[in-house]
Amino acid sequence: MSIFPRLLGLGLLTLLVGLLLGSCEISRHGASEATMPEYNTKASVPNKQIAQVAGNDVTFKTSQSALASAFIREFGDGTVVDRVMVRKAPAGANEATVYYLVGMGLRNGMVRAMALPLLGGGDNTLFLSPTATRYIITGVGCSSCFFNFEGDRIVGTLCEGNPGGGRCDLRRESGNTLFPK
């Protein structure tokens, strides 16, 4: 019977030491490590890498066929996207360089296009944010529609091949679901 009191004492001692060490751990960290900036490495917005720029050359990091399929889903109205490109906005000398991801195609014979601004990474990479605004063109009676820029911003459209009465309607919508989670 002399073993039982020793085990009980040893168990209580172990419990007491565990509680003391546990309380020291809690008091040592005033803030949760997950909220401290040096530990918070998760991106707050899941951006998708689209391309990389080297001089005037653009190398797609996401395939153009995947981008075309994503644009078709994003239009969601039967538009067939057959052309995907990354275009630099014609910004002035003192303005930041802005690139747009553009998908172009047709729906029922009418020109359709969508442009989304891209975020620049420090190593000339271009990312698409799910919060990026969508600029959508629908052509009515125009053989080609183009985005019209003022600096680095899309402010309207241009209609080419207008036989009279044709126009390119611009719609602006916030956010996108090109690449859902």
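Residues numbered from 1 in each chain as written. Predicted model: local features only at pLDDT ≥ 70, side-chain atom pairs only at ≥ 80, totals over all residues. Heavy atoms only, no water.

**Here's the deal with helix 2 (residues 64-75)**
Three or four residues apart is the spacing at which side chains of an α-helix point the same way, because the helix has 3.6 residues per turn.
For step 1, the next point in the chain: Taking 1.5 Å as the rise per residue, helix 2 with 12 residues should run 16 Å; its terminal C-alpha atoms sit 16 Å apart, in good agreement.
For step 2, the next point in the chain: Turning to helix 2, its buried residues number three or more, namely L67, A68, A70, F71, E74 and F75. Each buried residue of helix 2 sits inside an arc of 160° when the element is viewed along its axis, so together they form one side. Opposite its buried face, helix 2 presents the exposed residues S65 and R73, each directed more than 90 degrees away.
For step 3, the next point in the chain: Residue G76 follows helix 2 closely and has a positive phi angle near 65°. (Helix = DSSP H or I, 4+ residues; strand = E, 2+ residues; numbered from the N terminus. Expected span 1.5 Å × (residues − 1). Buried < 20%, exposed > 50% of the residue type's maximum accessible area, 1.4 Å probe, protein only. Arc of directions from axis to C-beta.)

**Points about the nonpolar core**
For step 1, the next point in the chain: Within the largest apolar cluster, 21 residues are counted, with the highest numbers of intra-cluster contacts made by I50, F71, V86, L101, L118 and L128.
For step 2, the next point in the chain: Sorting the residues of this core by element identifies strand 1 (48-54), helix 2, strand 3 (80-88), strand 4 (99-107), strand 5 (110-117) and strand 7 (125-128) as the ones contributing at least two each.
For step 3, the next point in the chain: Ranked by residue count, the leading element in this core is helix 2, at 5 residues.
For step 4, the next point in the chain: Judged by nonpolar contacts, the second largest core, of 16 residues, contains A89, V111, Y135 and I137. (Core = buried A, V, L, I, M, F, W, Y, C linked by side-chain atoms within 4.5 Å.)

**Section: the sheet that holds strand 7**
For step 1, the next point in the chain: Across the sheet, which stays open at both edges, the 4 strands sit in the order 2-1-7-6 with antiparallel pairing between neighbours. Each edge of the open sheet is held by one strand with a lone partner, namely strand 2 (57-60) and strand 6 (119-120).
For step 2, the next point in the chain: Inspection of the sheet shows strand 1 paired to strand 7 by 4 bridges, in the antiparallel sense. Directly across from A51, in strand 7, lies its bridge partner L126. (Pairing = 2+ DSSP bridges.)

**A look at the state of the cysteines**
Here a disulfide denotes one covalent bond, and it connects the sulfur atoms of two cysteines.
For step 1, the next point in the chain: All chains considered together, the criterion is met by 2 disulfides.
For step 2, the next point in the chain: Bridging C142 to C159, the disulfide has an S-S length of 1.5 Å. Judged by the sign of its S-S torsion, about -105°, the bond between C142 and C159 is left-handed. Within this pair, whereas C142 is found in the loop between strand 8 (134-140) and strand 9 (144-150), its partner C159 is found in strand 10 (residues 153-160), the two being separated by 17 residues in sequence.
For step 3, the next point in the chain: The side chain of C145 participates in a disulfide bridge whose partner is C168; the two sulfur atoms lie 2.0 Å from each other. Because the sign of the S-S torsion sets the handedness, a value of about -85° for the bond joining C145 and C168 places this disulfide among the left-handed ones. Within this pair, whereas C145 is found in strand 9, its partner C168 is found in strand 11 (residues 167-173), the two being separated by 23 residues in sequence.
For step 4, the next point in the chain: Classification of C145 by relative accessible area gives buried; the value is 3%.
For step 5, the next point in the chain: For C168, a relative accessible area of 9% gives the class buried. (Disulfide = S-S within 2.5 Å.)

**Comments concerning the side chain of D152**
For step 1, the next point in the chain: Residue position: D152 is located in the loop between strand 9 and strand 10.
For step 2, the next point in the chain: Here D152 is buried and forms no salt bridge, its nearest opposite-charge partner R153 lying at an N-O distance of 5.1 Å.
For step 3, the next point in the chain: Aside from chain neighbours lying at most four places away, what touches D152 is A89, A91, E95, A96, V98 and Y100. (Lys, Arg positive; Asp, Glu negative; His and termini not counted. Salt bridge = Lys/Arg side-chain N within 4 Å of Asp/Glu carboxyl O. Contact = heavy atoms within 4.5 Å.)

**Some points on the environment of S65**
For step 1, the next point in the chain: Assignment of secondary structure puts S65 in helix 2.
For step 2, the next point in the chain: Linking S65 and V81, residues 16 residues apart in sequence, is a C-alpha distance of 9.6 Å.

**Some remarks on the packing of aromatic side chains**
For step 1, the next point in the chain: One pass over the structure, following the stated rule, counts 2 aromatic pairs.
For step 2, the next point in the chain: Judged by centre distance (6.4 Å) and plane angle (75°), the rings of Y100 and Y135 are edge-to-face. With a gap of 35 residues between them, Y100 in strand 4 and Y135 in strand 8 connect regions that are remote in the sequence. The residues Y100 and Y135 share a single accessibility class, namely buried.
For step 3, the next point in the chain: A centroid spacing of 5.5 Å and a plane angle of 65° characterise the contact between Y100 and F149, whose relative ring orientation is edge-to-face. Of this pair, Y100 sits in strand 4 while F149 sits in strand 9, and the two are 49 residues apart along the sequence.
For step 4, the next point in the chain: One aromatic cluster in this structure is built from Y100, Y135 and F149.
For step 5, the next point in the chain: Directly above the aromatic system of F179 lies the positively charged group of K48, at a separation of 5.2 Å from the ring centroid. (Phe/Tyr/Trp six-rings, centres within 6.5 Å; stacked < 30°, edge-to-face > 60°. Lys NZ or Arg CZ within 6 Å of the ring centre and 35° of its normal.)

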